[in-house]
Structure formats: structure tokens, C-alpha cells
Amino acid sequence: MGIGLSAQGVNMNRLPGWDKHSYGYHGDDGHSFCSSGTGQPYGPTFTTGDVIGCCVNLINNTCFYTKNGHSLGIAFTDLPPNLYPTVGLQTPGEVVDANFGQHPFVFDIEDYMREWRTKIQAQIDRFPIGDREGEWQTMIQKMVSSYLVHHGYCATAEAFARSTDQTVLEELASIKNRQRIQKLVLAGRMGEAIETTQQLYPSLLERNPNLLFTLKVRQFIEMVNGTDSEVRCLGGRSPKSQDSYPVSPRPFSSPSMSPSHGLNIHNLASGKGSTAHFSGFESCSNGIISNKAHQSYCHSKHQSSNLNVPELNSINMSRSQQVNNFTSNDVDMETDHYSNGVGETSSNGFLNGSSKHDHEMEDCDTEMEVDSSQLRRQLCGGSQAAIERMIHFGRELQAMSEQLRRECGKNTANKKMLKDAFSLLAYSDPWNSPVGNQLDPIQREPVCSALNSAILVSRSQRKAAIVNLSLLGPRNPQSAKATSSCPSNGTGHTMSRTDGSIWNWILCIRHSGRLPTLAMHFKSSHYIVAFSQHGSRPALQI
Amino acid sequence: MACLLETPIRMSVLSEVTASSRHYVDRLFDPDPQKVLQGVIDMKNAVIGNNKQKANLIVLGAVPRLLYLLQQETSSTELKTECAVVLGSLAMGTENNVKSLLDCHIIPALLQGLLSPDLKFIEACLRCLRTIFTSPVTPEELLYTDATVIPHLMALLSRSRYTQEYICQIFSHCCKGPDHQTILFNHGAVQNIAHLLTSLSYKVRMQALKCFSVLAFENPQVSMTLVNVLVDGELLPQIFVKMLQRDKPIEMQLTSAKCLTYMCRAGAIRTDDNCIVLKTLPCLVRMCSKERLLEERVEGAETLAYLIEPDVELQRIASITDHLIAMLADYFKYPSSVSAITDIKRLDHDLKHAHELRQAAFKLYASLGANDEDIRKKIIETENMMDRIVTGLSESSVKVRLAAVRCLHSLSRSVQQLRTSFQDHAVWKPLMKVLQNAPDEILVVASSMLCNLLLEFSPSKEPILESGAVELLCGLTQSENPALRVNGIWALMNMAFQAEQKIKADILRSLSTEQLFRLLSDSDLNVLMKTLGLLRNLLSTRPHIDKIMSTHGKQIMQAVTLILEGEHNIEVKEQTLCILANIADGTTAKELIMTNDDILQKIKYYMGHSHVKLQLAAMFCISNLIWNEEEGSQERQDKLRDMGIVDILHKLSQSPDTNLCDKAKTALQQYLA
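Residues numbered from 1 in each chain as written. Chains lettered and ligands numbered in written order. Predicted model: local features only at pLDDT ≥ 70, side-chain atom pairs only at ≥ 80, totals over all residues. Heavy atoms only, no water.

Considerations on the overall build of chain A
When helices and strands are counted, chain A shows 21 helices and 8 strands. Here chain A, with 542 residues, has 51% of them falling under the buried criterion. A fraction of 61% describes how many contacts in chain A between residues 6 or more apart in sequence connect residues 24 or more apart. Surface exposure of chain A reaches about 26,100 Å², of which carbon and sulfur atoms provide 53%. (Helix = DSSP H or I, 4+ residues; strand = E, 2+ residues; numbered from the N terminus. Buried < 20%, exposed > 50% of the residue type's maximum accessible area, 1.4 Å probe, protein only. Contact = heavy atoms within 4.5 Å. Areas by Shrake-Rupley, 256 points an atom, 1.4 Å probe, with all protein chains shown as cover.)

Shown next as C-alpha cells:
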């Protein structure tokens, strides 16, 4: 029997440790196997009735085993991420009992974690700081400033820089340009975004054909969505549908005018463009805020920050106008209108016209509900011309993909991306199809940040804001989400949720899709010997 | 020349310094008490951290004056306190300072000061006492000379966190051996100190913990009490377990592990208790890891060696925990080649601890390999371990040599290793060297190891004999130390087992019959048993028996008679009867028995003894005497029949013991033939 770890895709018919990306401790000889057919002497042998524990330390990427509660010492170092607990059984009739923490462990894992917490704490406490006084302050200011610049909060960045006596490395105009492009991407107007990028940063996309391809695929998706400007101008019937995002299952998850940022795990919920504009940390996921309250909140925020930026003022103006005009505000409506306003003002009148504004006013008189909006969700906004344009664009895309392959060789990521995008057409209701999540506005965010990073790199700015790289936050929102979702799906066990970002007991299955494989492992066995630790229960039964 | 020029300059500097110091001392004699107080305060500020100034003031006689002021009824409490502070500061200097203070009888004066009602003054006295008692030059007995001191200190424990810290520190340094433990225990040390373990002050907790570790060491009475002491509703062992959690300071983890270890060795906690198996043992193994300081690693390994020494299960667990055996190999890598080049300070530090590290590792290996063959194998297979141990045998440090011998002794219990690694590394060579002129403590262990190396299957036996082991061992049998006598005679016994005639003769010659007799009347039962064993081994195979009996027959028969007549236990008598049976097996030696009626009567007596073992042994003698095929068997049979032996044989053939019954029947058949 072998107990250990393996990455996804490792052959399940062989003992863990024998193959690449798998690691194991074998009971027959007590050896440890580190992706190799030949083992190293490691620990004692183990057999029926023994309780074997396996602990992965995610801080230093090592692994040690325990036998009946006694630590056997480090078995593996420099482990790769994303390993799954694995048991390999060789003898017919073997049975293992697995404990993922549902029973107390024999080994005192809490004590081990306490030691590491103290260690890390001491490391932080001892971290050398420069001699110069006030260095901390400067560092924090730099972090804030670079964050603001990176995500294009130019007005705030400017004001912040002024009040802290810093110089912003990037010109204001450049920040505004990036912001404009980002907003277009996030609004789903990919065509315009690409055009603007080519205008402002000529040769950027030529040098990044893969990025261009990604953008174009996104454009295709937005065409399906009916949001891309190329199909929108082809006469979507309702102006509403032009500007709004299709209503997604979470009514407030969408129009994130706020650029995405790594610190906010569920920033998809931050629907209020203006608040996000101020701080980047607000997440108004409770969409029941009354318009008035929101307004005043916004206002006070404005005052307290003492920023007097024309751009922001204009937002407020459009907002108050809205308040004046509407007596009853449906939440949905407000969002639509609002995002619209911000998008337009900040993009300096791009597609912004008073006529349009009026249009919308009329439209808002009719009560809009989720149901009705779902009805409106038609391919390319329901226009035949738009569909034709979309099909044509799809062909171009296909051609581009082929050309790209000829020039740069095979790219599985690109291939998959294109396939997924085209799959949308296979369903009568793409939004509710298995590939429908592509249409979710949140999918614009990775595209947006990739483009933003590419622009910054081309201008030799930092690729990621310092804040995002710092130790304090989870490395990316995806991993943070995965961790927090773990206990809720009922299959995994996280030792301590608060420690999730730096510490995980190995047996936290982070991927529910993996579980069946593991379960099959257990099913095919009928004998004894323990896997992992459990407390009071005396070993295993036949 | 340079020296000559330099001397006057030095002199002048010295006189200058002395002059300024003189001023401080002079002010202590001022008639105005206020000026005296100011003088003492200035002196306090002058001596802090200045060892030269301290030495100067002592030379100029400041100490007796300070002590006078401290004891004077008329001195203000403030002055007394300042005096105690200055004295404490002086004690912080070199060991010579402490000696000078002791010469001025500072301890009684300070102890007297503890009777004052003023807490500040008491604390100052205690601080000074603490500094003096923790110095290696202070005899700890000074704490116990006045019987009223300990109870008074116990009473002061409740006064403040400083009295608690200092008093516990004094106790933990002055408690050496069972007498001191008993005194402290009888004055309620356990109850008075136990609640300090939950003190808010880390220093108090730590010193209280240290107190318990010295109190419990090899002391069942204290240990048994500790197990049942409750502090804030928790038992003391549970509190100790909490203190060895991994996030606690290392010093605290180590000391609480010591407490639990000592309580376990004193029999107060079972060796299979979870707090030992799952807490104390892993904690001590962690203390051996590379991350710990050298001092901590030494203490950790020594304590662990002590914990697991008597228990094979603990040895097995320790041997698999955190690669301990490999971890210990690292103890031999100091000073490392890196430290020599990069950092002189580090090299100095490493050198200082190198001996301690090695001896600690040897001790722990000795404990690990005490019982389990697999563990011994693992130790020997560790990189160059046999070489290291063999090198350790000839190190200059007695401590290292002793530990190396203990380690080898532990490993020599393995038959397989005796035949292989011990032979490959010619362990016997350095061992024989160690045995020359070694202190007793080393001799005891080295000679027990020699016993193992002289077992008949050991390939080392031959070369050891050739290098003069017989003389050496015979010398050991004359030692004052009973342990050495046992080992000497034991080794000789092993050596004589199935040995050739020449060796046997050598042993007899070297030992001399006088010494043999002396050993047969030795007060130590073990010595007596092994001597009889030696005789039995000497008297085996017929030609040897006849040869030896022809030269030493008379003395041996006398010795046998003496033991059979004396007050001895069954095992001794049985062993003696077996010797007789061996003699009866000789050709000519038989006659020594047949002509000795006294002996024959004794054999007859033991045939009818109530103890089967003795009956059997006596039966062997008779069988050998009446055996048919040998010359003169008829006469012997007749003589024994006349003595009534046949009747006894008939009786024994009805015995419920089958072995005895069979033997008797076989003997009777000899008569029939």
C-alpha cells in the first residue's frame, strides 16, 4: 500500500510515488518515492491497524508523514502546488479508512500549526526595516499610488499624489487612456476597445497576436451577447438592450464598471461604478440600497475625500438628474442607467449623446423586471443583420486562428477558447447553456486585466500593482474563492478558515470534480490498514 | 626592553584608578549618614558594568564596610537597601569577586537582612543572594546551614513577583541530591511553588518550572506528589504538557519536558502514558534538531537518553521519530569547516560545545540501542558511525570517552554486530587502551563491554587474549569497586568457557588460588556466582579437570566444602554442586571426592533436599561417580551402596519430578549391569 500525493492526471492504476508528479510512502518497505520507481529509505514499514498521517506544509512546500501519531520527519521538499491525497492499494482485499479531519487526528496537528504561526509571526516581527524614519509610510503611499495608477483611478491617483507629495510615474493622459479602454472592455464593447487600443498604442496588438486573438474571441462572445458595438449599431430594437448587460442570475453581479482588482474577492458584486471609483473596495452587493441613501453616501464620501474632480462632479450631476426624473426606481434600472452614465462621461462623450439620454428616460418609465429582461435576451440583440455580422466575424476569427497557428505554432489555449466561444451558437438559449458562463460579464475582467497589463508592460510600467504582489492578500481571487468554497461543498476539510490563505491541511479537496476518483479508490478495496489519521477509533475493520 | 619601559606607565594608570576608587570607599566612613547614603549611591552608579572598578573597590576593602552598614541597627532602610544593591552589583562581576564576598561572610548578613519588614530591602538582599548562589564557586550547603532559612524563604514567596523569581532561582541552583530535595520538600516546596506556574510573569513561571525539574530528579517521593497536585483545577502534569506546546519558548519546552521525564523515570508517570509518548518524547526529539541552539541540542539529547533508557517501546518510538538517528549524526560535525573560515566567534562557540555535543549523541545512541537489534543496526549503518565511536574512545575528554564506551557497550549486546562491525573496526584495540589507567567510571562500562567481546562466538576474543587481557581482568577482581570485581570475574568466566588448556592455566596462574578464595567469600553475591561460574568453566572436559585438580585439587575441595556448609542461597549451592559433578567426571579427580567422606555425606544430604534443583545437581555427581564403563566403578558403587545411596535412588525413582525420576532410574541401572 502506498499513501501520498499526486497531481491531476497521474495514472491511477499505479502506486503513488512511482510516476511523475506523484509522491508516496509505501508500507511494505517503509521507503518514500518521489516521482521515481526507486524509493529512498524513509520510515518504518506499516501494516494492518496502523494509522498513517500525511501533512503538506503549504508554507515551505514540504510533506511529512506520521505513524500512530509520531512524526516521521520530512519526506518531500519543493512540492508543486495542487496535489491531491492519494492512496494506492496493491493487495486484493485491502481496506483503508480515511480521516479528513472528521475525527480528531492522532498526531497533534494543532500544535504543529501553532509552532508555524509563531514562526511566521516572528518572521514578520523581525523583518528588517530600513533605517530611515517614515519609510513605512512612504512604502504604503507608494503601494496605494501604484494601485490607483495600475487600475486607472487617475483622478484619485492624481489627488493622492498631490496630497502625499509623490510623483506619478505615468502621465495622466496615459492613465485616462487605459481607463477608457478598460471601461470599454468591461462594458462589453470589444470592437471599440480594440480600435481604441490600436489608435492609442499602435503596434501593441501587432506584437501580441495572442492577446489580439483573445480580444477578438471576446468580441465574438460580446456579439452573441448583443453588447458589442458592431452588432449594437445594427439596430437592436431596444436601446435598453444595447446598453445593459443581459440580466444574469445574480441581478447585481454585473455591470462592474469598477476595474477588477485582486484584493476584492467578490468584487463582481460591486455594481456602483461611482463608489468603486472612489475606493475600489466597496462592494454594494445588497442591491436594496435606496437611491437616496446611496446618493448621500456617495456624497459624503465625496466630501470626506476632499477631491474636487470635474469628472466626478459630472457623475453626480447625471445622477441627480436621474433622481429628479424618477419617482420609483427599480434597482435594475438604476444600475443600467448608472453604468451608462459613468461609461459615457469618462470616455469623453464616446457614443454619448443627449438624445440617447432622453431615450433612456422614456424607457425607464416602464417597469422592468427580471422576467421581462430575460425575454429580451436574444442572440445578438435579436437583429438579423447583427447575426449575419456575427457569423461573418466568426469566419474571420477562424481564419485568424489558422493564420496564428501557422505563424506561431499550436496553441491549445487559443484553440479551446475559440471552440468554447463557437459552442455558444449550438444552443438555442446560449445564456442557459453549459457554456453560457462565457457570457457572464465577469468574464470580461481577465481579458481586461490582460490588456491593461500588456499596455503597462509596453510602457514598461509595473505589470501588477505592488498591492497585488504583497504577502497580505491572497495571490489571486480564484484561489481565495476555491479555499473558501471548500468547506461548504462538504467534501473537504479546512483546518482553520482564517488561516486559509497561508495554511491548509492537505486533505482539503479543492476541486469537487476530483472526489469521485478518490472514492473509487476506496470502493475497490476490501481490506485493512489505515489511511490518514483518526483519533479514538481503533484502526480499521474488515 | 619594551617591558621595562611599559611597566611604570601601567603603574601610574593603576594608581590613578585606585585613587578614584579610594575616594568612593572613604566616603563610606563619613560621619554624616546623609553623605554616606549619597556615597553608596554614587558607588552604585560607578560600578555598574565596570569589572575593574568592582575589583578595585573589593581590594580597597569596601565590602566589610558595606556589610557593616547593611547590618547596623542605626542605618536607615534606604541606606541598607542601597548597600545590598551595591553588593549585588559586585557579585555580578568575576568569580573572584564572589569569592571575596563569600570570604567576608556575606551570606549570613544577607540572610539576616531577609528578616526586615521592608520589602524593597528584602528584594535587594534576595537579588544579591541569587547572584551569589548561582555562581559555581558558592557551596550550596551554605543555604542549609541555618535551619530557619528555608522556612523563611518559603514564607517570603508570597511577598512579590521578585521574591518569587529570586527564591525559585536560588532553590533550583542549590538543590543538589536527595538530601536537599527532602529538606525543600518537607518545608512545602511543592505546594508553595506549584501556583507560581500560573504566574503572570514569565520569569517566575520559568524559575518555578526549573525548581520542579531539580526537585523531581531521581526522587520518587517528590514525583509521586507532583502527579496529584492541582493548580487552578488542573493537574500538574497537564500544566507541564501545556508548557511544552510548540509555540512556547524553547527554554520552557525543554524544562517542562525535563520535569515530565524525571517524573516518569521516578515511576510517577507510566512510560506508556500519552503525555510521555505523544508529548514529552517528540518535544525532546525536536530539541535535537538542527534549528535549535547547540546548548539546547545537548540538553535535549541527554534528557531523551535518560527518558528512554529503560523502556524498549520508547526506544522504538524515538528511533522512528523525525529521523532522530540521522539527526544525531549531525552532532559530530562541529566545528564545521565553514565556521572555521568565516567566523572566529562562531568557531570558538562550536569548539566549546563540540565535546558536549558528541558525548550527548553517544549517550542517546547508547539508550536507543540498549535493547532492540534493528535499532542497533540502524545506528551502525549511519554514516561512519563505528569510526566515530572508535575515535571517541581515544578522545581526551573523559566525558566523551565514557559516553563512547557506553554507546559501544550498548551496541555490543548484538551477536551479529559483534561478529561483523566490531570485528571490521577492530574495536578491541582502542578498548584495551581505554582500560589502561582509566578512571573507575569508565572502567566499569569498558569492562562490561569486554565481557561481551570475550563471548566464545566473538571473533575479538583471540586478539584480546593476546594483548594481555587476563592480567588486566585479574587486576580488576582486586578492585575496591564491587562493580569492577563483578565485571572482571565475569569476563574471566566468559573467557574460560570452552577454552583451551593453556588459557585456563593462564587464568588460574594469574588469578592465584588465594584470590580465588577471596572472591568465593566476597560480600557481593554476583561476584560469588560468577566466580563459581568461572570454576565450573575451568573444570570442563575430562583432561582439563584432571590437570587442574591435580595441581589445585586440595584448595578447590576446601572451597567447595566451605560454600556447601555456609549460609548461601539455592543458586549458589546448585552452582557448587555442579562444580562437584564436573570434578566427579574427571578420571583421577574422582578420587578426591571418593576419599572425602565429608563431601560424600554432603552429596547424600542434598539428594534428599527439598529443592529439586539441588537434588538434580547432587544426582549428577552420583551418576558420574558410579558410571559403569570407567575404571574402578565397582569399588565406588560398593562404597556408595554402603553409604545408603541406593536406597535413596530407589526413593527418587518414585519421585513425581520426571527428570529426577529418570536420572535415578539410569543410575540404578548402573548397579544392575
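A closer look at the overall build of chain B
When helices and strands are counted, chain B shows 43 helices and 2 strands. Considering only residue pairs separated by 6 or more positions, chain B has 67% of its internal contacts joining residues 24 or more positions apart. Only carbon and sulfur atoms are counted for the fraction: they give 54% of the accessible area of chain B, which is about 29,900 Å².

So, the nonpolar core
Grouped burial of nonpolar side chains is what soluble globular proteins tend to show. Among the nonpolar cores identified, the biggest contains 244 residues, and F212, L368 and L580 of chain B are the most heavily contacted of them. One finds I221, V224, M390 and A421 of chain A within the second-largest nonpolar core, a separate group that totals 39 residues. (Core = buried A, V, L, I, M, F, W, Y, C linked by side-chain atoms within 4.5 Å.)

Regarding the interface of chain A and chain B
With 17 residues of chain A in contact, the opposing surface of chain B contributes 13 residues. It is H70, D111 and E115 of chain A that lose the most area in chain A upon contact with chain B, and together they represent 37% of the buried surface on that side. For the pair chain A and chain B, the interface holds 4 salt bridges. One salt bridge connects D247 of chain B with R114 of chain A, and the closest N-O pair in it is separated by 3.9 Å. Counting across the interface, chain A meets chain B through 6 residue pairs in polar contact (both at pLDDT 80 or more). Taken together, the elements giving at least two residues each to the side of chain A that touches chain B come down to β7 (70-76) and α1 (109-126) of chain A. (Buried area = accessible area lost by both parts, 1.4 Å probe. Salt bridge = Lys/Arg side-chain N within 4 Å of Asp/Glu carboxyl O. Polar contact = N/O pair within 3.5 Å; in protein donor to acceptor, adjacent residues only side chain to side chain.)

Regarding the sheet that holds strand β8 (residues 84-88) of chain A
Residues and elements named next belong to chain A. Pairing is antiparallel in the open sheet, where 5 strands are placed in the order β4-β3-β2-β1-β8. Edge strands, defined here as strands with exactly one partner in the open sheet, are β4 (40-41) and β8. The pairing of strand β1 (residues 2-6) with β8 spans 5 bridges and is antiparallel. Bridge assignment links L5 to a residue of β8, and that residue is P85. (Pairing = 2+ DSSP bridges.)

A word on the packing of helix α31 (residues 469-476) of chain B against helix α32 (residues 482-496) of chain B
All names here are of chain B. Relative to each other, α31 and α32 sit at 145°, their axes nearing to 7 Å. Viewed along their axes, α31 and α32 form a crossing whose handedness is left-handed. Contact with α31, carried on its side by A469, V470, L473, C474 and L476, involves L484, R485, G488, A491, L492 and M495 of α32 and no other residues of that element. Residue composition of the contact of α31 with α32, by class: 9 nonpolar, 1 polar and 1 charged. (Axes fitted to C-alpha atoms, helices over the stretch in contact; angles between N-to-C directions. Left-handed = near helix turned anticlockwise from the far one by under 90°. Nonpolar A, V, L, I, M, F, W, Y, C, P; charged D, E, K, R; others polar.)

Description of the sheet that holds β7 of chain A
All names here are of chain A. Judged by pairing direction, the sheet is antiparallel, and its 3 strands sit side by side in the order β5-β6-β7 without closing on themselves. In this open sheet, the two edge strands, each paired with only one partner strand, are β5 (52-57) and β7. The average angle at which neighbouring strand axes cross in this sheet is 25°, direction not considered. Direction of pairing for β5 relative to strand β6 (residues 62-67): antiparallel, over a ladder of 6 bridges. Bridged to V56 within β6 is C63.

Focus: the pattern of salt bridges
Counted by the stated rule, this structure contains 42 salt bridges over all chains. One salt bridge in this structure joins D585 of chain B and R542 of chain B, with 3.1 Å as the shortest N-O distance. Here D585 of chain B, found in helix α37 (residues 570-585), pairs with R542 of chain B, found in helix α36 (residues 542-565); they are 43 residues apart in sequence, far enough to count as distant. Given the relative accessible area of 24%, D585 of chain B is considered partly exposed. Shared partners join several salt bridges into a network, and the residues in it are D111 and R114 of chain A together with D247 and K248 of chain B.

Comments concerning the confidence of the model for chain B
Low-pLDDT stretches of the model should not have their predicted coordinates read in fine detail. All names here are of chain B. When the pLDDT values of chain B are averaged, the result is 88; 96% of them are 70 or greater. Considering only residues more than four positions removed or in separate chains, one finds that residues 1-13, a stretch of pLDDT under 50, has 0 contacts. The ipTM for the predicted assembly is 0.79, set against a pTM of 0.64. (pLDDT = per-residue confidence, 0-100.)

Topic: the pairing of β1 of chain A
Residues and elements named next belong to chain A. Of all the 5 residues making up β1, 5 are buried; the element is thus mostly covered by neighbouring parts of the structure. In β1, alternate side chains face the same way, and those of G2, G4 and S6 on one face and I3 and L5 on the other are all buried. Strand direction decides the pairing type here: β1 and strand β2 (residues 22-26), joined by 5 bridges, are antiparallel. Among the inter-strand pairings, S6 is bridged to a residue of β2, identified as S22.

Digging into helix α18 (residues 294-308) of chain B
Residue and element names in this part refer to chain B. Helix length check: α18 (15 residues) gives 21 Å between terminal C-alpha atoms against 21 Å at 1.5 Å per residue, within 8%. Burial runs high along α18: 12 of the 15 residues are buried. Residues of α18 that are buried include every one of L294, E296, R297, V298, G300, A301, T303, L304, A305, Y306, L307 and I308, and no others. Of the surrounding elements, those touching the buried residues of α18 are α16 (250-265), α17 (274-287), α19 (312-320), α20 (324-329) and α22 (344-368). (Expected span 1.5 Å × (residues − 1).)

A short note on the pairing of β8 of chain A
When you tally the buried positions in β8 of chain A, you get 5 out of 5 residues, the bulk of the element. Across the two faces of β8 of chain A the burial is the same, with Y84, T86 and G88 of chain A and P85 and V87 of chain A all buried.

Some remarks on the confidence of the model for chain A
With 56% of its residues at a pLDDT of 70 or more, chain A shows a mean pLDDT of 66. Confidence drops under pLDDT 50 across residues 461-542 of chain A; counting only partners more than four residues distant or on other chains, this segment forms 193 contacts.

Thoughts on the UniProt feature "repeat: ARM" (unreviewed entry) in chain B
When the UniProt feature table is mapped to this numbering, "repeat: ARM" (unreviewed entry) covers residues 61-97 of chain B. Secondary structure across residues 61-97 of chain B divides into 76% helix and 0% strand, with the first and last C-alpha atoms of the span separated by 12 Å. (UniProt positions renumbered as here; feature names shortened; annotations may be inferred.)

Topic: unusual backbone geometry
At N61 of chain A, a residue that is not glycine, the phi angle is positive and equals roughly 55°. Classification of N61 of chain A as partly exposed rests on a relative accessible area of 33%. Of note in this structure, E218 of chain B is not a glycine but carries a positive phi near 50°. If you trace the backbone, E218 of chain B turns up in the loop between α13 (202-216) and α14 (220-227).

Quick notes on the environment of G69 of chain A
Topologically, G69 of chain A is positioned in the loop between β6 and β7. The spacing of G69 of chain A and V106 of chain A is 37 residues in sequence and 4.8 Å in space, taken between C-alpha atoms. Setting aside residues up to four positions removed in sequence, G69 of chain A forms contacts with V106 and F107 of chain A together with L278 of chain B.

Re the environment of S414 of chain B
Residue and element names in this part refer to chain B. The topology assignment puts S414 in the loop between α25 (398-411) and α26 (415-419). On the accessibility criterion, S414 (0% relative accessible area) is buried. Taking the C-alpha atoms as reference points, S414 and E373, separated by 41 residues in sequence, lie 6.4 Å from one another. Ignoring sequence-local partners within four residues, the contact set of S414 consists of E373 and R376. A polar contact is formed between the side chain of S414 and the side chain of E373, at a distance of 2.5 Å.

Some words on a nonpolar patch on the surface
Together, F127, W136, M139, I140 and V144 of chain A make up a nonpolar patch on the protein surface, roughly 480 Å² of accessible area in all. Residue placement: F127 of chain A occurs in the loop between α1 and α2 (135-150). (Patch = residues over 30% accessible without salt bridge, like charges linked within 9 Å, V, L, I, M, F, W, Y side chains within 5 Å.)

Considerations on the packing of aromatic side chains
The full count for this structure, using the stated rule, is 17 aromatic pairs over all chains. Ring geometry for Y65 of chain A versus F76 of chain A: centroids 6.3 Å apart, planes at 75°, classification edge-to-face. Here the residue Y65 of chain A occupies a position in strand β6, and F76 of chain A occupies one in strand β7, the gap between them amounting to 11 residues. Judged by relative accessible area, Y65 of chain A falls into the buried class, the value being 0%. With a centroid separation of 4.9 Å and 70° between ring planes, the pair formed by Y605 of chain B and Y606 of chain B is classed as edge-to-face. (Phe/Tyr/Trp six-rings, centres within 6.5 Å; stacked < 30°, edge-to-face > 60°.)

Some remarks on the side chain of R388 of chain B
All names here are of chain B. Tracing the backbone through its elements, the reader meets R388 in helix α24 (residues 385-393). Buried and without a salt bridge, R388 has E383 as its closest oppositely charged side chain, separated by 4.4 Å. At 3.1 Å, the side chain of R388 forms a polar contact with the backbone oxygen of E383. When near neighbours in sequence (up to four residues on either side) are disregarded, R388 contacts A329, F332, K333, F362 and E383. (Lys, Arg positive; Asp, Glu negative; His and termini not counted.)

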